[in-house]
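# Results of the structural survey
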Amino acid sequence: MDVLTFETPLGAMALESSGGAIVRLLLPGQPLPPSAGSPSPLLKEGRAQLLDYLAQKRRAFDLPLCPQGTAFQRRVWEALCRIPWGETRTYGQLAQSIGAPKAARAVGQANHHNPIPIFIPCHRVIGADGTLTGYAGGLHFKQLLLQLEGIL
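Below or above, wherever it landed, is the structure these notes cover. Owing to the predicted nature of the structure, the values given are computational and were not obtained by experimental measurement.

## Topic: the packing of aromatic side chains
One pass over the structure, following the stated rule, counts 3 aromatic pairs. Relative to Phe61, the ring of Tyr53 has its centre 5.5 Å away and its plane inclined at 45°; by these criteria the two rings are tilted. Its relative accessible area of 0% is what places Tyr53 among the buried residues.

In structure tokens form, the structure reads like this:
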């Protein structure tokens, strides 16, 4: 497992890769592992794309992602990747989109366990009444990401 810890305008983050794919992004406020040795080209590119996104120079990511989770979680995460920049969906809409219309709570749990936030944009999912709901980096961080995308 390769790790790259770096500073962003929002605070320190860390990217982890394994087997030629990004497997995890740790957000500001989460315990960050130290970088180990020279970062791989993949981690450098991941950092560059994330910094471009945060600088509003990028709206989509072009990186190999390999989040580890259950089959249901991976279906939810794939659906998250189809939510365009600058748009939101509710948990119910996301559940409907994966063919599990009664699974809004399970979709919420899958979002909670998303190991690669921002790249897999779980911040674009909101409550049925339009309110912001839980986020691994905290609601303030979710609000900042949605403002960055012009949603709020």
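## A word on helix 1 (residues 41-54)
With 14 residues, helix 1 should reach 20 Å at 1.5 Å per residue; the first-to-last C-alpha distance of 20 Å fits that figure. Listed as buried for helix 1 are Leu42, Leu43, Gly46, Gln49, Leu50, Tyr53 and Leu54. Looking straight down helix 1, one finds that the buried residues subtend no more than 135° of arc, so they occupy a single side. Buried residues belonging to helix 1 abut strand 1 (2-8), strand 2 (11-18), strand 3 (21-26) and helix 5 (139-148). Residue Gln56 follows helix 1 closely and has a positive phi angle near 60°.

## Overview of helix 4 (residues 104-112)
Taken as a whole, helix 4 has its buried residues at Val107, Gly108, Ala110 and Asn111. Looking down the long axis of helix 4, one finds its buried residues gathered within 160° of arc, a one-sided arrangement. Facing away from the buried side of helix 4 by more than 90 degrees, the exposed set consists of Arg105 and His112. Lining the buried residues of helix 4 we find helix 2 (71-80), helix 3 (91-97) and strand 5 (125-126).

## Regarding the sheet that holds strand 3
Overall, antiparallel pairing links the 3 strands, which are arranged 1-2-3 in an open sheet. Either end of the sheet is taken by a strand with one partner, and the two such strands are strand 1 and strand 3. Across the sheet, the mean angle from the axis of one strand to that of its neighbour is 25°, orientation sign disregarded. The pairing of strand 1 with strand 2 spans 7 bridges and is classified as antiparallel. Looking at strand 2, one finds that Asp2 is bridged to Ser17.

Parameters and conventions
- Residues numbered from 1 in each chain as written.
- Predicted model: local features only at pLDDT ≥ 70, side-chain atom pairs only at ≥ 80, totals over all residues.
- Heavy atoms only, no water.
- Phe/Tyr/Trp six-rings, centres within 6.5 Å; stacked < 30°, edge-to-face > 60°.
- Buried < 20%, exposed > 50% of the residue type's maximum accessible area, 1.4 Å probe, protein only.
- Helix = DSSP H or I, 4+ residues; strand = E, 2+ residues; numbered from the N terminus.
- Expected span 1.5 Å × (residues − 1).
- Arc of directions from axis to C-beta.
- Contact = heavy atoms within 4.5 Å.
- Pairing = 2+ DSSP bridges.
- Axes fitted to C-alpha atoms, helices over the stretch in contact; angles between N-to-C directions.

Geometric descriptors of this kind do not, in isolation, establish any biological role.
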